[in-house]
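One-letter residues, chain by chain:
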Amino acid sequence: MINRRQFFHITAAGAAGLLTGGMASLLNAGVARAAIHVSSDFNPDLDVVLKAAADEIPILPGAPTDVWRFKGQLLDGDPSNLVDMERSYLGPIIRARTGQKIRIRFNNAMADPTIVHWHGLHVPAEMDGHPRLVIPGGETYVYEFEIRNRAGTYWYHPHPHGLTGPQVYGGLAGLFLVSDDEEEAAGLPSGEYDIPLVLQDRAFDRSNQLIYLSGHHMEQMNGFLGDWIMVNGQPDFSLPVATRAYRLRLLNGSNARIYRLAWKDGRPLTVIGTDGGLLEEPVQRRYVMLGPGERVELWADFSNDAVGSETALVSLPFDDGMLGGGRMGRGMMGGGGDGLPNGAGFTIFRVGVNRAEETVLTLPQRLSAIERYDPADAVNPEDPKRFHLVMRHMAWTINGRTFQMEQVAAEERVALNSLEVWEFINEGGGMGMMGGMAMPHPIHLHGMQFQVLQRRGVTHEGYVDEGWKDTVLLMPGERVRVLARFGDYAGLFLYHCHNLEHEDMGMMRNYLVENTASAA
Ligand code: C2O
Ligand code: CU
Ligand code: CU
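The following refers to the structure shown. (Residues numbered from 1 in each chain as written. Chains lettered and ligands numbered in written order. Predicted model: local features only at pLDDT ≥ 70, side-chain atom pairs only at ≥ 80, totals over all residues. Heavy atoms only, no water.)

This part is about the coordination of the copper ion (ligand 2). The protein atoms that coordinate the copper ion (ligand 2) are His-117 (NE2) and His-444 (NE2), at distances spanning 1.8 Å. Of the two residues, His-117 sits in strand β6 (residues 116-119) while His-444 sits in strand β25 (residues 441-445), which places them 327 residues apart along the sequence. (Donors = N, O, S within 2.8 Å, 3.2 Å for Na, K, Ca; no water. Helix = DSSP H or I, 4+ residues; strand = E, 2+ residues; numbered from the N terminus.)

Close approach of charged atoms lets side chains of opposite charge pair. Inspection of every chain in the model, using the stated rule, returns 38 salt bridges. Two residues, Glu-182 and Arg-150, come together in a salt bridge whose shortest N-O distance is 3.6 Å. Note that Glu-182 is positioned in helix α3 (residues 181-185) and Arg-150 in the loop between β7 (140-146) and β8 (152-158), a separation of 32 residues in sequence. Residue classification places Arg-150 among the buried residues on the basis of a relative accessible area of 18%. The closest approach of N and O atoms between Lys-469 and Glu-294, which form a salt bridge, is 2.7 Å. Taken together, the residues Lys-469 in the loop between β26 (451-456) and β27 (471-474) and Glu-294 in the loop between β17 (288-290) and β18 (295-301) connect sequence positions 175 residues apart. With relative accessibility at 5%, the residue Glu-294 sits in the buried group. What you see here is one network of salt bridges that share partners, running through Glu-183, Asp-194, Arg-247, Arg-249 and Glu-297. (Salt bridge = Lys/Arg side-chain N within 4 Å of Asp/Glu carboxyl O. Buried < 20%, exposed > 50% of the residue type's maximum accessible area, 1.4 Å probe, protein only.)

The next thing to look at is the sheet that holds strand β29 (residues 491-497). Taken together, five strands build an open sheet; the order of strands is β23-β30-β29-β25-β27 and the sheet is mixed. A strand with exactly one partner marks an edge of an open sheet, and here the two such strands are β23 (413-415) and β27. Neighbour to neighbour, the strand axes of the sheet diverge by 25° on average, direction disregarded. Two elements, β25 and β29, share three bridges in a ladder whose sense is antiparallel. (Pairing = 2+ DSSP bridges. Axes fitted to C-alpha atoms, helices over the stretch in contact; angles between N-to-C directions.)

Our next topic: the environment of Glu-139. As for its placement among the helices and strands, Glu-139 is situated in the loop between β6 and β7. Glu-139 gets classed as partly exposed once you look at its relative accessible area, which sits at 22%.

With that out of the way, let us pick up the nonpolar core. Grouped together as the largest cluster of nonpolar side chains are 42 residues, with contacts concentrated most on Leu-248, Leu-250, Leu-261, Trp-263, Ile-348 and Phe-349. Of the residues forming this core, the biggest block, five residues, is contributed by strand β20 (residues 346-355). Other than its neighbours up to four places away in sequence, Ile-348 contacts Leu-199, Ile-229, Val-231, Tyr-259, Leu-261, Leu-313, Val-314 and Ser-315. Met-221, Ala-395, Val-414 and Tyr-495 belong to the second largest nonpolar core, which has 35 residues in total. (Core = buried A, V, L, I, M, F, W, Y, C linked by side-chain atoms within 4.5 Å. Contact = heavy atoms within 4.5 Å.)

Within the secondary structure, His-157 sits in strand β8. In this structure, the C-alpha to C-alpha distance between His-157 and Phe-70, residues 87 residues apart in sequence, is 9.2 Å. Among residues more than four places away in sequence, those in contact with His-157 are Phe-70, Ile-115, Val-116, His-117, His-119, Thr-164, Val-168, Leu-172, Ala-173 and His-498. Polar contacts involving the side chain of His-157 include one to the side chain of His-498, which spans 3.5 Å. (Polar contact = N/O pair within 3.5 Å; in protein donor to acceptor, adjacent residues only side chain to side chain.)

What the five strands build is an open sheet, ordered β12-β20-β19-β14-β17; its pairing is mixed. Both edges of this open sheet fall to β12 (238-242) and β17, since each of them pairs with a single strand only. Geometrically, the sheet is characterised by an average inter-axis angle of 25° between neighbouring strands, direction not taken into account. The sheet contact formed by strand β14 (residues 259-263) and strand β19 (residues 310-315) spans three bridges and is antiparallel. Residue pairing in the sheet places Trp-263 in a bridge with Leu-313 of β19.

Now for the layout of surface pockets. As a volume, the largest pocket reaches approximately 1,000 Å³. Looking at the largest pocket, it is lined by 35 residues, and the ones nearest its centre are Arg-95, Gly-191, Asp-194, Ile-195 and Pro-196. Elements supplying a minimum of two residues to the lining of the largest pocket: β4 (93-97), β9 (174-179), α3, β10 (194-202), β12, β13 (245-252) and β20. It is β4 that contributes the most residues to the lining of the largest pocket, four residues altogether. Residue assignment places the lining of the largest pocket across two domains, with domain 1 (4-179) and domain 2 (191-355) each supplying three or more. (1 Å grid on protein atoms, 1.4 Å probe; cavity = no way out; pocket = protein on both sides within 12 Å on 5 of 7 lines; lining within 4 Å. Points joined across faces, edges and corners; volume = space filled by probe spheres on them. Domains from an automatic or database assignment.)

Encoded structure:
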């Protein structure tokens, strides 16, 4: 039986049987010692304990599901800045304002090593959750940083090399929402009308336990797909709304699934924000492609809908561009998702209009100011650094290389505060024995927000490239040029594919920000 599945064991004793790839060496690599002490000269606005531990939670009717879970505890600060998500395995929502200082004492109460990454936040290298900084079970890593990002929907998740996929899948993820004055002035729906929605897929066995990879190489090559679509950790999510406007913040927190978001009734999506916060002005799309790691914010106005009417946010079917070996292999050896391949259509959640409300909000035509990078200011305006997303020796690579803990290639060195043009190239097709295997790759840069300069070979509409981005989806055949500024913080950061199985198999590399001025 090719399709035999391996159960996903979540216990305090660790993830037995997963494809962990050199776990022991992870901890013995002579990594930098964890930051275990709080600094006396850092006065945080928010001081919390965040603990990762095994837990169980009812998800489907019947037996509860074993999960891993972030739990928060407020030590100091406003309690509204650390809020549990109801009925969910997801971690608490952390809220902060631009300029605030945050201390998070992260405690690893699991057996496996881990470290937490603040996806989208601009923080110093030692605060960014690089896998070389993993801590073993029982230890604590103290994060202290100032929020330098603008308002936006950021998130956090583990980042141990080779274990990010299973740990996120097991439940370790949460939202990190930043606000600022500009956002407040935009006049968007707030409070209970500002709704975060985390999209993930999961697969369950007959006793309601999570199923992860079967151990078959082909499955890891494709990325894990589940056949249950979860919203905020719930399998049956629906959204009751009043006849008024809402702000919906969507995060694709799935390991490998891509969503082609649309309203079921065909009304266009009104997009107001992306990974790094609000757009300059709203844009309309018939649908939006959302890859793993990406966020999109919608203005959803139900003021013309009748009380009692229903609509839904759906994922429309799409061609994922996989050819030859990929498509065949998926059907034969797919994981929990053989019932729901990438590109299948489904309902994400229903929206029921259940009450009238008089509040009339008009969509602001001006949302925020975005300072546009000028390509002429880049060190290489005409000569982008090229990063080819290709399969080599049955593994996904970037320029033919896989992740090595401390390794940095020539094109991965950048000068502190420089602006560079990077081009990602998803060639697709023609890769020899794999029979032209090609796949979508959502490419993520740590530690910054970048701007998309150009997208070529476009196979799908539905990209929102207008705003600040930290993750950009490339379907097979596409090339994307980005303008990235490596500002403020020297040190070792990551860029990688945010298909978490690709990342775990090594489709991840370091970039090194060098302070050449201080060396001189
Ligand atoms: Cu959201 Cu390196 O990750
Ligand atoms: Cu990140
Ligand atoms: Cu990938």
